[in-house]
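What the coordinates show
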Amino acid sequence: MAQQKKRQKIRIRVRGFDHRLVDRASMDIVETVKRSGTCAVGPIPMPTWIEKFSVNRSPHKDKKSAEQFEVRTHKRMIDIVDPNADTMAALKRVNLPSGVEITVSV
């Protein structure tokens, strides 16, 4: 049996509250990776995390009246297969919009 070479992979997770910013940031990352000559898989949309909050409108008079708020966190995942040094250097130079958080794991 011939052993196969284990392929190195970098996983990038992009998170943010505005789905347009998250999509733009993930597309910028994919374009940068493809320009450097490496294969990128994604962006793969992950489930949106929804947090809901209920707050009393008034602490005294209207006890039964409440306002509801929600915060949606949109996520995308990108896998970079067999990255090289040019890919890593290009990823460090990518300008991402504010309000977008990325997590890189090898």
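In the block above lies the structure referred to throughout.
Along every chain, residues carry numbers that run from 1 in the direction the sequence is written. Only residues with pLDDT of at least 70 get local features here, since the model is predicted, and only at 80 or more are side-chain atom pairs given and counted; chain-wide, interface and lining totals rely on the full set of residues. To obtain the side-chain values, all non-hydrogen atoms of the structure were used and water was disregarded.

So, on to the nonpolar core. We define a nonpolar core as any set of buried Ala, Val, Leu, Ile, Met, Phe, Trp, Tyr and Cys residues linked to one another through side-chain atoms lying within 4.5 Å. Working definition: with a 1.4 Å probe on protein chains only, accessible area under 20% of the residue-type maximum means buried, over 50% means exposed, and in between means partly exposed. With 14 residues, the main nonpolar core has I12, V14, I29, V33, I80 and L91 as its most contacted residues. Put simply, DSSP H or I for four residues or longer makes a helix, DSSP E for two residues or longer makes a strand, and each gets a number counted from the N terminus. Counting only elements with at least two residues in this core, the list comes to β1 (9-16), α1 (19-35) and β3 (66-81). Sort the elements by how many residues they give to this core and α1 lands first, with six residues.

Consecutive side chains along a regular strand alternate between the two faces of the sheet. Between any two strands, pairing holds if DSSP finds at least two bridges. Of the pairings in the sheet, the one linking β1 to β3 comprises eight bridges and is antiparallel in character. Residue pairing for β3: I10 is matched across the bridge by I80. Relative to β3, strand β2 (residues 39-56) is paired through 14 bridges, and the arrangement is antiparallel. For N56, the partnering residue across the bridge sits in β3 and is A66.

Another aspect to go through is the packing of α1 against helix α2 (residues 85-92). Whenever a helix is involved, its axis is fitted only over the stretch in contact; in every case the axis is a line through C-alpha atoms, and angles between N-to-C directions fall within 0 to 180 degrees. Relative orientation of the contacting elements α1 and α2 amounts to 150°, with a least axis distance of 9 Å. α2 is crossed by α1, and the crossing has right-handed handedness. Taking contact as the criterion, the partners of I29, T32 and V33 in α1 are, on α2, T87, A90 and L91. Each residue gets one label: Ala, Val, Leu, Ile, Met, Phe, Trp, Tyr, Cys and Pro are nonpolar, Asp, Glu, Lys and Arg are charged, and the others, such as Gly, are polar. Taken together, the residues of the contact of α1 with α2 sort by class into four nonpolar, two polar and no charged. Crossing handedness follows the turn of the near helix against the far one: under a right angle anticlockwise gives a left-handed crossing, and clockwise gives a right-handed one. The contact criterion used is simple: two residues touch if any of their non-hydrogen atoms lie within 4.5 Å.

So, on to the pattern of salt bridges. Throughout this description, the term salt bridge denotes a Lys or Arg side-chain nitrogen within 4 Å of a carboxyl oxygen of Asp or Glu. Tallied over the full model, the rule gives five salt bridges. Measuring nitrogen to oxygen at the nearest pair gives 2.8 Å for the salt bridge that ties D23 to R76. Pair noted here: D23 is in helix α1 and R76 is in strand β3, with a separation of 53 residues, a long-range link. For R76, a relative accessible area of 13% corresponds to the buried category.

The patches described consist of residues with a relative accessible area above 30% and no salt bridge, like charges being joined within 9 Å and nonpolar side chains (Val, Leu, Ile, Met, Phe, Trp, Tyr) within 5 Å. Values of accessible area rely on a 1.4 Å probe in the Shrake-Rupley scheme; residue burial ignores everything except the protein chains shown. A cluster of nonpolar side chains, namely V41, I44 and M46, defines an oily patch on the protein surface of about 200 Å² accessible area. Here I44 is to be found in strand β2.

In short, geometric facts, not functional conclusions.
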